[in-house]
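Structural features, examined
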Amino acid sequence: MKKIVKNGTVVTDSQVFQADILIEDEKVKMIGDNLEADGAEVIDASGKYVFPGGVDVHTHMDLQAGKYRAVDDFYDGTVAAACGGTTTIVDHMAFGPKGCSLWHQVEEYHRIADGKAVIDYGFHGVIQHVNESVLKEMGEIAKQDGITSFKVYMTYDFMLKDDELYQVLKQAKEDGIVIAVHCENDGVINYLRKHYIENGCTEPKYHPLSRPARCEAEAVNRMIHLAAMAGDAPLYIVHLSSREGLMEVLKARASHQKHLGVETCTQYLTLTDDMYQDPKEGLKAIMSPPLRKKEDNEALWDALRDDVLDTVATDHCPFNYGVEKQAGADDFTACPNGGPGVEERFRVMYSEGVAKGRISLPQFVKYLCTNPARMYGMYPQKGTLLPGSDADLVIFDPAKSRVLTHADMHSAVDYTCYEGMKVQGDIDLVMQRGNVIVKDNKFLGKQGDGRYLKRGKSVLAE
Ligand code: URP
Ligand code: ZN
Ligand code: ZN
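Residues numbered from 1 in each chain as written. Chains lettered and ligands numbered in written order. Predicted model: local features only at pLDDT ≥ 70, side-chain atom pairs only at ≥ 80, totals over all residues. Heavy atoms only, no water.

The next thing to look at is the layout of surface pockets. Computed from the structure, the largest pocket encloses a volume of approximately 870 Å³. Taken together, 33 residues form the lining of the largest pocket, with A65, G66, F95, Y156 and N337 sitting closest to its centre. Within the residue set of the lining of the largest pocket, elements represented by two or more residues are β7 (64-65), β11 (149-153) and α5 (186-198). Here the element with the most residues in the lining of the largest pocket is α5; it accounts for four residues. Of the residues assigned to the lining of the largest pocket, the class counts are 14 nonpolar, twelve polar and seven charged. In this structure, the second largest pocket spans a volume of roughly 280 Å³. Contributing elements (two or more residues each) for the lining of the second largest pocket: α6 (206-209), α8 (243-254) and α10 (294-305). A class-by-class count of the residues in the lining of the second largest pocket yields six nonpolar, one polar and nine charged. (1 Å grid on protein atoms, 1.4 Å probe; cavity = no way out; pocket = protein on both sides within 12 Å on 5 of 7 lines; lining within 4 Å. Points joined across faces, edges and corners; volume = space filled by probe spheres on them. Helix = DSSP H or I, 4+ residues; strand = E, 2+ residues; numbered from the N terminus. Nonpolar A, V, L, I, M, F, W, Y, C, P; charged D, E, K, R; others polar.)

On to the coordination of the zinc ion (ligand 2). Bound to the zinc ion (ligand 2) are the protein donor atoms H182 (ND1) and H239 (NE2), situated 2.1 Å from the metal. Around the zinc ion (ligand 2), the four donor atoms sit at angles spanning 58 to 147°, and that spread fits a shape best called irregular. In this structure, the zinc ion (ligand 2) lies 3.7 Å from the zinc ion (ligand 3). Of this pair, H182 sits in strand β12 (residues 178-182) while H239 sits in strand β13 (residues 235-240), and the two are 57 residues apart along the sequence. The pair formed by H182 and H239 is uniform in burial state, with each residue classed as buried. (Donors = N, O, S within 2.8 Å, 3.2 Å for Na, K, Ca; no water. Tetrahedral: all angles 85-135°; square planar, octahedral: opposite > 155°, others 65-115°. Buried < 20%, exposed > 50% of the residue type's maximum accessible area, 1.4 Å probe, protein only.)

The next thing to look at is the domain arrangement of the chain. Along its sequence, the chain is carved into domain 1 (3-51 + 385-399 + 421-443) and domain 2 (53-383). One C-alpha centre belongs to domain 1, the other to domain 2, and the line joining them spans 30 Å. Domain 1 puts 31 residues into the contact, and the matching count from domain 2 is 30 residues. With both sides pooled, the region where domain 1 packs onto domain 2 buries about 2,500 Å², and carbon together with sulfur makes up 64% of that total. (Domains from an automatic or database assignment. Contact = heavy atoms within 4.5 Å. Buried area = accessible area lost by both parts, 1.4 Å probe.)

Here we come to the coordination of the zinc ion (ligand 3). For a metal bound by four donors in a tetrahedral arrangement, the ideal donor-metal-donor angle is 109.5 degrees, while six donors in an octahedral arrangement ideally sit at 90 or 180 degrees. Coordination of the zinc ion (ligand 3) by the protein comes from H58 (NE2), H60 (NE2) and D315 (OD), over a distance range of 2.0 to 2.1 Å. Taken together, the four donor atoms coordinating the zinc ion (ligand 3) and their angles of 86 to 135° define a geometry best described as tetrahedral. Spacing between the donor residues of the zinc ion (ligand 3) along the chain follows H-x1-H-x254-D.

What follows concerns α10. Between its first and last C-alpha, α10 extends 17 Å over twelve residues, near the 16 Å set by a 1.5 Å rise per residue. Of all the residues in α10, the buried ones are D296, N297, A299, L300, W301, A303 and L304. One or two residues past the end of α10 sits D307, with phi positive at roughly 60°. (Expected span 1.5 Å × (residues − 1).)

Attention now moves to empty space enclosed by the protein. Left-over empty space is what a probe sized like a water molecule reveals as it rolls over the atoms. What the rule picks out here adds up to four cavities of 30 Å³ or more. Each pocket or cavity is described by its volume, and for the largest cavity that value is around 70 Å³. Residue classes in the lining of the largest cavity are distributed as three nonpolar, two polar and five charged. When its volume is computed, the second largest cavity comes out at roughly 50 Å³. Surrounding the second largest cavity, H316, P340, G341, E343, E344, H406, M409, S411, V413 and Y415 form its lining.

See the structure below:
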């Protein structure tokens, strides 16, 4: 069935222009003035923006994290994503059993996602130990399953040591794979966590104190140098949260480090460590890295304005406040780490970013749609509106506003960190591959309609 989106203001990462969009066979067929087609359904977008569907390249659906499992599976989590204007996710896998092959989690993730997701999805692999067969499997999985990025951690139980990181980076360079990395200095964090608990400092307000910004900065700096030593391996730093971490990125940019991508997340731009001051409410914001200060928010906004960063993702990893998060009530180190955000990103970033004049409309699209697709080998199928691209789009009304509240949201989690935030602009309609899957905040799609994306090479690997 053909559709024409008429009279909208189309926004790409480089242009804002008035046009119609003709959609046929799931694709954008044509963009131009006064388009017509026999039998086409016409959707009026007068006075509205037409954005590419959002691409969130950092989610953790159905994540098993120690004793706890994230409460959004690939159905609930992707419904939430769709209702928040995101039509593609690339999900970070959980660690598998100790010593498992890289294929173990790939197979597990197909099992838990296939037939459930309502939007298109891919996976990042995860590397939790290093040996010859793991290094060989990286290239195999990239070729056979289109998983062209792998995540490594510099903290947590399955962290890699520097020599292992270096070997992985060298292999990634050879295979044209991107290494996504969680950067925090493990030694200092573990010492501080133990120190606080032993001294009776158990409340959530000690969580940010146990993971100082310099722990992020040190690890970012180390990883950047390891990637350079490994022959300028393709490196993508996830969830940059601090001004100190950003300083290391700026240094790398100034010295023209090649093949470096950097992500921040909505929460590191818009929320602060004030949230930890209430011992109960603070549990909701226990995530790693922790929320930082207003100055950190502002430094990251400046970096977006100046095109220093590449993407804005969410690290969506929800646990119920009333259940799993309560494990941290008497000991912040026992609280499962992570928070929701996949449904909030588009609205919060438009309102706090574009409506408040911190970033431009093309920058909004660049950070939330186009660059994530480019960084992870999905462009121009995803992340843009060009003839031949998938017809994934969001019709957005800048004149509307909404007060964010958990009651209106679709994730299985029982709270939002943005409760009561007034956002300027709202989503009218979301389309995936030409099908309207959300209208007026109601999900109209179908379980299992999301397709697995075999991804190609990242721009970081070119
Ligand atoms: O606290 C967080 N972010 N949990 C999810 C795993 C990670 O570190 O990205
Ligand atoms: Zn992380
Ligand atoms: Zn994460």
